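# Coordinates in review
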Amino acid sequence: MDALIVKGDTVDEAIAHALRVLQAKEDEIAVQVIDWGEPGVLGISQRPAAVRVVRKENTGQETAKPCVLGDWGSLHKGRIEITAARRTAYAAICNGQLLVRHTEEGPFPTIVPCPGVEVRLNGQLLQKPAQVTMADQVTIKTLQEEIAGKWSIELTEDEVLAVIKLQPRVIRTYKLCDLPPSGTLRLQVEKEEHLFPPLLFAELVAELKRLGIKKGIDWDCCRRVTEEPISGQVVIARGVPPTSSQDGYLELFCLTEPRYAVAMSNDADRVDFRERFNINSVVKGAVLARKHPPILGQSGVSVRGNAVLPKPPADVVLRLSKGVEFYNGTDIIAVTPGRPVVRERGRSVFISVEPVLVHQGNVDLESGNISFSGHIRVLGDVQDGMLVHANEDVLVQGLVSAAAVQAGGSAYIWGNVISSTIVAGGPLAVVGRFLDILDALAVELEKLVMYVEQLRQHGIRGPSNQVIQVLLRHKCQVIPRLCKDFLQMVEQLPPRLNTQALERFAQQLAAGIGAGKGVVMQEIEELLTRCKEWRTAIAATSSSWGDVQVNNLLNSSITATGNVMILGQCNDHSQVQAGGKRDRARCISRWQHSSQWHGDGG
């Protein structure tokens, strides 16, 4: 068996050249196409075709001559096995045309139709695979489909917007694909779609008129949807929407947490662990919240020209409980001091003021100092260095040791008071005893000013500081003594109760007049003014009748605007100042008999 590879400009030319070389006939060889070649353009990129030819042994059988329909050199490139007898049938699509090749006796190629084309074989519509021959009349026609478009105009619920929904009209065409030679040729097509507007401008205008849409029509948009294949939703008319209504709401002016942490200093040397927390509380008359009423929005205009009402606003519902009341139609104020409690449930807000702060356990470094605007009840002890301050009554069920208790009302200590300070009755209990000294000091300073003026009127001239020193030694000797007494009283105040402003004023008096140094008239007048200011401030200080009841008083001090009752012993190192009676045997506790505290175990 001879075999060789032959090249030529085309496959047929290569086969013919091989037949000449082998001196054989076409039915005596087997041909395999290796390369279909490339003709190129004007000789550029040209590639010759190549075939592999094998001489077949003579079997004595006669074969039919092949017949070819079409130009095989124009078929798609690729490797195709061709038998020596070349009896296998082939069909191909090239440039939209059907090409068929087979022997005279067959077999014959088969064509399989596909959607998108209409295949007719000898005038009959072909709907299933069928064999075709060169003698058959085969026509392949691509189809065209049209899918109707859809459109509709819809209004929003409030009729402020008119929206057109568009689905374009579709014209779908098919193009027959080129296919390489095959014994069973399955037709294939490429689909192309062309979109068009689903409506005309006149149709759109008629629909707008039918729906009564006449306000806010966007005519440019209307023309665009009738000229371009737009898919989806487009707003073609827009009215005037109503302005949004504002719901009623409650503006809080108080904190809602029971207590909150105090910002700590970065300086470790200045950290006071007693002041780590603040108890949330309010005083009587404090504005806790303000109710803002709902505001109705302004009406709009629909695309049909009708009025569009705004959405009704929701109002907040107040549920006021104990300790609060509605004031002036807007404000919620506290009628009793205590801890504000605010709870929300939907549109309802519950507000109350708890007048009693019950502290479980001891007042120590873990809890920090306790300061509250209402009443305080401590179930444990008040330990070293701690402070309990209330604008109302204070009840300590344990002992008070090296600590301070300040009550705007009364103070009741069930245990012992050791090396501590108890104040009852408000600020006046602390500074009220200064009034007598301030009154006397103001009178004497006015006399001193009057004496200086009288000396000047009688023609006595000289340095004012010398004149003042003479008057202080002979006419106003009581002024230096009053200044020293005032300073001593301020220094005797416990550190927690002494204010910086009061201490500065006492030091000014002692450093000036009390020290016997020379002072000028201007300094005397300034001290007189400051003395009157402090007298007015202390007299205006709010106070109440505050009683104190303790068990044993040891090395401690009590200052009260009311009565003081010591049930046990009181040693000589303790100090008691009372605006009412001081008793060691009998006391009636307002805490125990007040309905406000009834049931709290007092």
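Read on for a plain summary of the structure. Just so it is clear, the model here is predicted, and its values are computed rather than measured. (Residues numbered from 1 in each chain as written. Predicted model: local features only at pLDDT ≥ 70, side-chain atom pairs only at ≥ 80, totals over all residues. Heavy atoms only, no water.)

## Things to note about the packing of helix α2 (residues 201-211) against helix α3 (residues 219-227)
Between two packed helices, both the angle of their axes relative to each other and the distance between the axes serve to describe the pair. Running from N to C, α2 and α3 cross one another at 130 degrees; their axes reach a closest spacing of 9 Å. Compared by their axis directions, α2 and α3 come out oblique. The crossing of α2 and α3 is right-handed. Only W219, C222, R223, V225 and T226 of α3 make contact with α2, whose side of the interface consists of F201, L204, V205 and L208. (Axes fitted to C-alpha atoms, helices over the stretch in contact; angles between N-to-C directions. Helix = DSSP H or I, 4+ residues; strand = E, 2+ residues; numbered from the N terminus. Parallel < 35°, antiparallel > 145°, perpendicular 65-115°, else oblique. Left-handed = near helix turned anticlockwise from the far one by under 90°. Contact = heavy atoms within 4.5 Å.)

## A short note on the pattern of salt bridges
The final tally for this structure, using the stated rule, is twelve salt bridges. Of the charged contacts, one joins E154 and K165 as a salt bridge, the two residues approaching to 3.0 Å between their closest N and O atoms. Separated by eleven residues along the polypeptide, E154 in strand β14 (residues 150-155) and K165 in strand β15 (residues 161-167) bring together distant segments of the chain. Overall, E154 belongs to the partly exposed group, its relative accessible area being 38%. Looking at K165, the relative accessible area reads 32%, which means it is partly exposed. A single network of salt bridges, built from pairs that share partners, joins E145, R172 and E193. (Salt bridge = Lys/Arg side-chain N within 4 Å of Asp/Glu carboxyl O. Buried < 20%, exposed > 50% of the residue type's maximum accessible area, 1.4 Å probe, protein only.)

## Quick look at a nonpolar patch on the surface
On the surface, a nonpolar cluster with roughly 230 Å² of combined accessible area is contributed by F201, V205 and W219. Among the structural elements, V205 can be located in helix α2. (Patch = residues over 30% accessible without salt bridge, like charges linked within 9 Å, V, L, I, M, F, W, Y side chains within 5 Å. Areas by Shrake-Rupley, 256 points an atom, 1.4 Å probe, with all protein chains shown as cover.)

## Section: the nonpolar core
Side chains of a nonpolar character, in soluble globular proteins, are inclined to be buried together. The biggest cluster of nonpolar side chains holds 32 residues, and the ones touching the most others in it are L441, L448, I479, F486 and I513. Contributing elements (two or more residues each) for this core: α5 (435-457), α6 (464-474), α7 (478-491), α8 (500-514) and α9 (521-539). Considering every element that reaches this core, the biggest residue donor is α5, with nine residues. Aside from chain neighbours lying at most four places away, what touches I479 is L441, E444, L445, L448, L472 and I513. (Core = buried A, V, L, I, M, F, W, Y, C linked by side-chain atoms within 4.5 Å.)

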